[in-house]
Amino acid sequence: MSTDSMNEEGGPTTTEITVTVNGTQVTADVEPRLKLSDFLRYHCDLRGVRVGCEHGVCGACTVEQDGASIKSCLSYAVQADGAKIETVEGLTNDDGSLHPIQEAFHESHALQCGFCTSGFVMATKELLEENPSPTREEIETGLEDNICRCTGYQNIYKAVESAAAKMEDD
Amino acid sequence: MSSDFTDGDEPREFVHDDDGGPDPETHCGHGRGGMGEEVRRKEDKRFITGRGNYIDDIKKPNMLFCDIVRSPHAHARIKNIDKSRALDVDGVVAVLTAEDLLEHDLATMPTLMSDTQDVLVRDKVKFQSQEVAAVIAEDRYAARDGADKVVVDYEVLDPVVTAEEALKDDAPVIRDDIEGQTDNHCLDWETGDKEATDAIFEEADVTVSEQMLYQRLHPAPIETCGSVADFDPGKDKLTVHMTSQAPHIHRTLFSQVSGIPEHKIRIVSPDVGGGFGNKVPIYPGYVVSAAASYVLERPVKWIEERSENIQSTGFARDYDMTGELAATEDGRIQAVRTDVLADHGAYNAVAQPSKFPAGFFKIFTGSYDVDAAYGSLTAAYTNSAPGGVAYRCSFRVTEAVYLIERMVKVLADELDMDPAEIRRKNFIQPDQFPYETPTGWNYDSGDYEAALDKALEMADYEHYREEQQRRIENDADKLIGIGISSFTEVVGAGPGKTCDIAGVEMFDSCDIRVHPTGNATVRVGVQTQGQGHETTFAQIVAEELGMDVDNITVEHGDTDTDPYGLGTYGSRSTPVAGAAAAVAARKVRDKAKSIAANELEAAEADIEWDRQSGEFHVAGAPDRSITITDIAASAYMNHPASEEPGLEAVDYYDPPEMTYPFGSYIVVVEVDRETGEVDFEKFVAVDDCGNRINPMIIEGQIHGGLAQGIGSAMMEHVTFDDNGNVTGGDFMNYLLPTAKEIPNFETGHTVTPSPHHPIGAKGVGESPLVGSPPAIVNAVVDAMAHEGISHIEMPMTPDRVWETLDSVGLSRDPSDSFEIEFGDTGAEPADD
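Residues numbered from 1 in each chain as written. Chains lettered and ligands numbered in written order. Predicted model: local features only at pLDDT ≥ 70, side-chain atom pairs only at ≥ 80, totals over all residues. Heavy atoms only, no water.

As for the interface of chain B and chain A
The figure often quoted for interface size is the accessible area lost as the parts come together. The interface of chain B with chain A comprises 63 residues on the first partner and 51 residues on the second. Carbon and sulfur atoms supply 53% of the area that chain B and chain A bury against each other, a total of about 4800 Å² over both sides. On the chain B side of the contact with chain A, Ile-48, Tyr-141 and Ile-222 of chain B bury the most area, a combined 17% of that side's loss. In this structure, Asp-45 of chain A engages Lys-59 of chain B in a salt bridge whose closest nitrogen and oxygen atoms are separated by 3.1 Å. Of all the secondary-structure elements, those providing two or more residues to the side of chain B that touches chain A are helix H2 (44–48), helix H5 (140–149) and helix H18 (695–714) of chain B. In terms of residue count, H18 of chain B provides more of the side of chain B that touches chain A than any other element does, 9 residues in total. Classifying every residue of the side of chain B that touches chain A gives 25 nonpolar, 17 polar and 21 charged. (Contact = heavy atoms within 4.5 Å. Buried area = accessible area lost by both parts, 1.4 Å probe. Salt bridge = Lys/Arg side-chain N within 4 Å of Asp/Glu carboxyl O. Helix = DSSP H or I, 4+ residues; strand = E, 2+ residues; numbered from the N terminus. Nonpolar A, V, L, I, M, F, W, Y, C, P; charged D, E, K, R; others polar.)

What follows is the structure, given as structure tokens:
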């Protein structure tokens, strides 16, 4: 594909990677330039990974890599070789029931158009894993890498507080 | 008009408890998800689980990808385009230029204001990032590789970047494609009575004047624009999935552009990741993907990148306004005068009803009872992206409200009056409605003082006034400013006779089909981009038919199945399609009554409907009753001889008037004299949108619009350098507010139903972005007004605020505090 990355036969150079995505091992031959967000969306069909700016500002593409949230549009698939990736699709339980964070976002009306929601849910997951009962200020700081254009954030704060309470009870 | 169908259903006032939930003591909602109930949204599940279906989620077998080659120059003639190297790229299927589109008569497209825009540049580039060529390839990366290999030879021309420069005699002419166009003048417009207004100004005790720029903004929805076009040569049918706020009118325009008959075109607007007016116009990418699919007979996907979205799609505002007020000594406003210089970009592509070249800007007399008003406007072409879309705004009402609410503050300061008091003195009074303004609007209802009083109380206004004074007296490091905005909105376009888009009247529609098992599918002509229509419209129908909201599904966004409508923008969904939903439901109810009479063996005239239980019963015999579920079954299994089988209705609602939501916002800020930073101490928003359908969704809309208001006032600005390069063209440079910048909002409401709307609702989505920027600017100005500051331009970045403080000796030099700090500790500053 890329004229800049041809192998000797004139085809694109690819690398084999193995990534554990939402608990399932995925092996694929990918170009080094393939963004992790595109790998997840197009190769793994995980369309909950949203791309809003492709330059790491909006946070809609936030996923967890080995337990830490990353912006998958700023990362390449080859960098995830051997890693564990979790996306919003991985949060829902096997019986279809929702994760407490997902429940809280619904109950607190913390989403409108829904495009940034996957990223916020994943950012909230990391926030609450690191700090199970954050203050309002810690929530604001914890979520400042994600942009929502619809909600004005108020109900997202409420959802995070409510999710924290739910997860503490569990 | 709706009253033909209302059957005695005058708008009732729904009262809510302070939490916004249904109040059992009042007749608010019937407890099954009707009017006024905080029903949790039906659309949420797919979004929180990652199963939303946005444009880039649509996959078709054999699908190709489109990438657009854009001009790096703002003004340039194209000498040559060399496709050959691009066509050599592995995976590239085709490269399209204007020449190729010309063969299919698709080289140009009409804008919403009937200008003619190049789909791909034919001759001359008119703005940076304009579409020059399109590369179609097997995958997205290959399409981008191909785009990088298209070689375009440009002859660079001098650009004109601002409207002021554009109107100078020696400015290069941008639109030499328009016959007879010899300058950059786009249009002139005026409203009101010039003579009467001028006469008042000549005689007035006091006049004030201020110039203010409502800077260029971008709606910047988090999802960019995109399309998946799929031409089916077997059926000769073109399906275009696209990020559209108005799929039906887009179908009509697509038919006009392409020549494909309208019944052979289907537009589908899937889940849309925010619109805010950005997704009202048609953009070249949509047309190119459709043309490519038609020619190549394969589906073609086009997805915009963020920088393409900000740099080439519909911007908002860019009104440079002069405002003037004439008043008596004691603060009665007698007349308003304004003159505007508007930047329309390279094409006249403002998105507003065609008979309103300045949108609804003529509502600039606001909430005040003035004797006369006059407004004039000149618009210019510049070498910048076309636009002037209604960003969360009913067609320039945002600019108008900013003007009048800023000017009232300027007048208050001139007269040394309290800004709340001067508003109170000039408000249109409740008994004056319906009220005709000097520029010809017919306000439906309002109680402006009630909203202001509530906001003042919530904001603890007197306390902050005292605190403000204390800070001034103590020469404190941080000053307090209090800003008020008491705005009136105009939403819900039509009526069709005055409002149209490309000639199509601005009505809207609803189709209700009650199924044999008693549940219903509701289809509307409007389209949600996050407003919650799938829940709100279901609640309207649940209320009017006595059904459970869970038994109603709302569909929208597919022109093959939904009734024709004009789409969602200008806060028109509830005022127009919401009315259609109520009226259609009442038509269903009328038929249900006839079926009930048949089932209960009574005369139809004796059948009564109980809103609370949702049951139909025989007058005087409440136990002889039947539910809508049983009626639905009868409609299909035992229909009366006097009726057709089935239980359906459709309504096309042409509103008799627009609706006029209003509110009062109060903002308290703390301005740091050392850094110029502005902190929000208090942010109170009292809204009145008439009867409230889902208070939770309304509050969410208010929050979102207030955040955008803070973005507008404090951060956002699409900027250009002298060469026409966009310097604020991505999210690194076009700053959107994050959680860090948004304070806690305190919301409240009053309820003044619209007298002409079937359920007394008015529409609310845009009020917070319309009403909040002047309140915020008024607050920052207020912090410095004691030293004579009357205005500060948006965005009020810290450096701009500091410069303003400094201009009147209010700034503090940051080094002062260092010295104090170090002086206190006895240490010297480190010398590194």
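From this point, the discussion proceeds with the structure in view.
Here's the deal with helix H17 (residues 628–637) of chain B
Residues and elements named next belong to chain B. Of the residues making up H17, those classed as buried are Ile-628, Ile-631, Ala-632, Ser-634 and Ala-635. All buried residues of H17 lie within an arc of 160° about the axis, which places them on one face of the element. Of the surrounding elements, those touching the buried residues of H17 are strand E23 (508–514), helix H15 (533–545), helix H16 (573–600), strand E27 (616–618), strand E28 (621–626) and strand E29 (647–653). (Buried < 20%, exposed > 50% of the residue type's maximum accessible area, 1.4 Å probe, protein only. Arc of directions from axis to C-beta.)

Thoughts on the confidence of the model for chain B
Residues and elements named next belong to chain B. The predicted model of chain B has a mean per-residue pLDDT of 94, with 94% of residues at 70 or higher. Here residues 1–27 scores under 50 on pLDDT; set against residues more than four positions off or in separate chains, the count is 61 contacts. Contacts of residues 822–832 to residues separated by more than four positions or lying in other chains number 4 contacts, the stretch itself having pLDDT below 50. Note on the complex model: pTM 0.95, ipTM 0.96. (pLDDT = per-residue confidence, 0-100.)

With respect to the pairing of strand E31 (residues 678–688) of chain B
On a regular strand, one side chain projects to one face of the sheet and the next to the other, so that they alternate. Residue and element names in this part refer to chain B. Among the 11 residues in E31, 9 count as buried, and that is most of the element. As judged from the 10 bridges shared by strand E30 (residues 662–672) and E31, these two strands associate in the antiparallel manner. Within E31, the residue paired with Val-669 across the bridge is Phe-680. The turn joining E30 and E31, which pair antiparallel and follow one another in sequence, is formed by 5 residues; a positive phi near 75° is taken by Gly-676. In terms of strand pairing, E31 meets strand E32 (residues 746–749) through 4 bridges, oriented parallel. Counted as the bridge partner of Val-684 is Glu-746 from E32. A crossover connection joins E31 to the parallel E32 through H18; in handedness this β-α-β unit is right-handed. (Pairing = 2+ DSSP bridges. Right-handed = clockwise from strand over helix to strand, strands pointing away.)

What to know about the domain arrangement of chain A
All names here are of chain A. Per the domain assignment, the segments making up chain A are domain 1 (2–89) and domain 2 (100–169). The gap between the C-alpha centroids of domain 1 and domain 2 is 25 Å. Facing the 18 residues of domain 1 at the interface are 14 residues of domain 2. Buried surface at the junction of domain 1 and domain 2, summed over both partners, amounts to about 1200 Å²; 53% is from carbon and sulfur atoms. In terms of surface lost to domain 2, no three residues of domain 1 exceed Thr-62, Glu-64 and Val-88, which account for 36% of the buried area on that side. Scanning the region where domain 1 abuts domain 2 turns up 2 salt bridges. Put simply, Glu-86 and Lys-125 hold a salt bridge, and the shortest N to O gap is 3.1 Å. Elements supplying a minimum of two residues to the side of domain 1 that touches domain 2: strand E3 (62–65) and strand E4 (68–71). Here the side of domain 1 that touches domain 2 is built from residues that sort into 7 nonpolar, 7 polar and 4 charged. (Domains from an automatic or database assignment.)

Details of unusual backbone geometry
Residue and element names in this part refer to chain B. Cis peptide bonds are those with omega within 30 degrees of zero, and the linkage from Gly-494 to Pro-495 qualifies with 10°. Tracing the sequence through the fold places Pro-495 in the loop between strand E20 (478–488) and strand E21 (500–501). The linkage connecting Met-794 with the following residue, Pro-795, adopts the cis geometry, with an omega of -10°. Along the chain, Pro-795 turns up in the loop between helix H19 (767–784) and helix H20 (798–807). Unlike most non-glycine residues, Asp-105 shows phi in positive territory, near 60°. Its location among the elements puts Asp-105 in the loop between helix H4 (98–103) and strand E4 (108–110). Of note, Asp-416 is a non-glycine position whose phi angle comes to about 55°, a positive value. Within the secondary structure layout, Asp-416 lies in the loop between helix H11 (397–415) and helix H12 (419–426).

Considerations on a negative patch on the surface
A cluster of acidic residues, Asp-799, Glu-803, Asp-806 and Asp-813 of chain B, forms a negative patch on the protein surface. Considering the arrangement of structural elements, one finds Glu-803 of chain B in helix H20. (Patch = residues over 30% accessible without salt bridge, like charges linked within 9 Å, V, L, I, M, F, W, Y side chains within 5 Å. Areas by Shrake-Rupley, 256 points an atom, 1.4 Å probe, with all protein chains shown as cover. Lys, Arg positive; Asp, Glu negative; His and termini not counted. Charge placed at Lys NZ, Arg CZ, Asp CG, Glu CD.)

Comments concerning the pattern of salt bridges
According to the stated counting rule, one finds 72 salt bridges over all chains in the structure shown. Among the salt bridges present, the one from Arg-50 of chain A reaches Asp-57 of chain B, with a minimum N-O distance of 2.6 Å. Here Arg-50 of chain A, found in the loop between helix H1 (36–43) and E3, pairs with Asp-57 of chain B, found in the loop between H2 and strand E1 (64–70), and the two come from separate chains. This pair shows no difference in class: Arg-50 of chain A is buried, exactly as Asp-57 of chain B is. One salt bridge connects Arg-46 of chain B with Asp-271 of chain B, and the closest N-O pair in it is separated by 2.8 Å. In this pair, Arg-46 of chain B is assigned in helix H2 and Asp-271 of chain B in the loop between strand E13 (265–268) and helix H9 (284–296), connecting sequence segments 225 residues apart. Residue classification places Arg-46 of chain B among the partly exposed residues on the basis of a relative accessible area of 25%. By relative accessible area, which is 11% here, Asp-271 of chain B ends up buried. Linked through salt bridges whose partners overlap, the residues forming this network are Arg-41 and Arg-50 of chain A together with Asp-56, Asp-57, Arg-140 and Lys-301 of chain B.

A few points about the packing of aromatic side chains
All names here are of chain B. Enumeration according to the criterion identifies 28 aromatic pairs over all chains in this entry. A connected cluster of aromatic rings, assembled from ring pairs, spans Phe-356, Phe-360, Phe-395, Trp-441 and Tyr-569. The ring of Tyr-374 has Lys-194 sitting right over it, with the charged end atom 5.7 Å from the ring centre. (Phe/Tyr/Trp six-rings, centres within 6.5 Å; stacked < 30°, edge-to-face > 60°. Lys NZ or Arg CZ within 6 Å of the ring centre and 35° of its normal.)

Examining helix H7 (residues 194–203) of chain B
Residue and element names in this part refer to chain B. Among the residues of H7, Thr-197, Asp-198 and Phe-201 are the ones counted as buried. All buried residues of H7 fall inside an arc of 95° around its axis, so they share one side. Exposed positions of H7 whose direction lies more than 90 degrees from the buried face are Glu-195, Glu-202 and Glu-203. Buried residues along H7 sit against strand E10 (206–217), strand E15 (316–327), strand E16 (333–343) and strand E17 (372–380). With a side-chain oxygen positioned 3.3 Å from the backbone nitrogen of Glu-195, the residue opening H7 is Asp-193. (Polar contact = N/O pair within 3.5 Å; in protein donor to acceptor, adjacent residues only side chain to side chain.)

Here's the deal with the packing of helix H3 (residues 117–130) of chain A against helix H5 (residues 154–169) of chain A
Residue and element names in this part refer to chain A. Direction vectors running N to C along H3 and H5 enclose 50°, while the axes themselves pass 11 Å from each other. Comparing their axes, H5 and H3 come out oblique. Seen from above, H3 lies across H5 with right-handed handedness. On H5, the residues that touch Phe-120, Thr-124, Leu-127 and Leu-128 of H3 are Ile-156, Val-160, Ala-163, Ala-164 and Met-167. For the contact of H3 with H5, a count of residues per class yields 8 nonpolar, 1 polar and no charged. (Axes fitted to C-alpha atoms, helices over the stretch in contact; angles between N-to-C directions. Parallel < 35°, antiparallel > 145°, perpendicular 65-115°, else oblique. Left-handed = near helix turned anticlockwise from the far one by under 90°.)

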